[in-house]
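Spelled out, the chains give:
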Amino acid sequence: IDAENRQKALRRLHLLKPKMAYRARKERGRAVQELVDVLNPALDAVLAEKDTSKQDECFGRFVEFFEAILAYHKSYGGN
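Residues numbered from 1 in each chain as written. Predicted model: local features only at pLDDT ≥ 70, side-chain atom pairs only at ≥ 80, totals over all residues. Heavy atoms only, no water.

Undergrad: I would appreciate a short explanation of the side chain of Gln55 in the present structure.
TA: Here Gln55 shows up in helix H3 (residues 52–75). With sequence-adjacent residues up to four places away left out, Gln55 is seen in contact with Arg6, Leu10, Val46, Leu47 and Glu49. (Helix = DSSP H or I, 4+ residues; strand = E, 2+ residues; numbered from the N terminus. Contact = heavy atoms within 4.5 Å.)

What follows is the structure, encoded as structure tokens:
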């Protein structure tokens, strides 16, 4: 990944936290807030890593984790 695309991706990751917080407050029930409570520490781990190659590795694990959550949700009838 080139430096420009990497910076765009990091900027979008930083913005994901407030977007998730907004959505959690807007939704009724606890499901979205519980998801945010799980994803925030994972996002923090990616964003806190200063070494580029380690950050890429953390991001890859975050993506795999998120995909697993999404697959689990869909297997139980979620959209």
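Additional details are given in the paragraphs that follow.
Undergrad: Teacher, can you tell me more about the nonpolar core here?
TA: Side chains that are nonpolar tend, in soluble globular proteins, to be buried together. Counting residues in hydrophobic clusters, the biggest one holds 12 residues: Leu10, Leu13, Met20, Ala24, Val36, Leu39, Ala42, Leu43, Val46, Leu47, Cys58 and Phe62. Element by element, the count of residues in this core is highest for helix H2 (residues 31–48), at six residues. When neighbours within four sequence positions are excluded, Cys58 is seen to be in contact with Ala45 and Val46. (Core = buried A, V, L, I, M, F, W, Y, C linked by side-chain atoms within 4.5 Å. Buried < 20%, exposed > 50% of the residue type's maximum accessible area, 1.4 Å probe, protein only.)

Undergrad: Just to check I follow, could you spell out H3 for this structure?
TA: Every α-helix winds through 3.6 residues per turn, so residues three or four apart in the chain are directed the same way. Helix length check: H3 (24 residues) gives 34 Å between terminal C-alpha atoms against 34 Å at 1.5 Å per residue, within 8%. Of the surrounding elements, those touching the buried residues of H3 are helix H1 (3–26) and H2. Positive phi appears at Gly77, one or two residues downstream of H3, with a value of about 90°. (Expected span 1.5 Å × (residues − 1).)

Undergrad: Is there a simple way to think about the pattern of salt bridges in this case?
TA: If the charged atoms of two oppositely charged side chains come close together, the side chains can form a pair. Overall, the coordinates contain seven salt bridges when judged by the stated rule. Between Arg6 and Asp56 there is a salt bridge, with the nearest N and O atoms lying 2.8 Å from each other. Note that Arg6 is positioned in helix H1 and Asp56 in helix H3, a separation of 50 residues in sequence. Overall, Asp56 belongs to the partly exposed group, its relative accessible area being 37%. Arg23 is paired through a salt bridge with Glu27; the nearest N and O atoms lie 3.1 Å apart. Judged by relative accessible area, which is 31%, Glu27 ranks as partly exposed. Taken together, the shared-partner salt bridges connect Arg30, Glu34 and Asp37 into one network. (Salt bridge = Lys/Arg side-chain N within 4 Å of Asp/Glu carboxyl O.)

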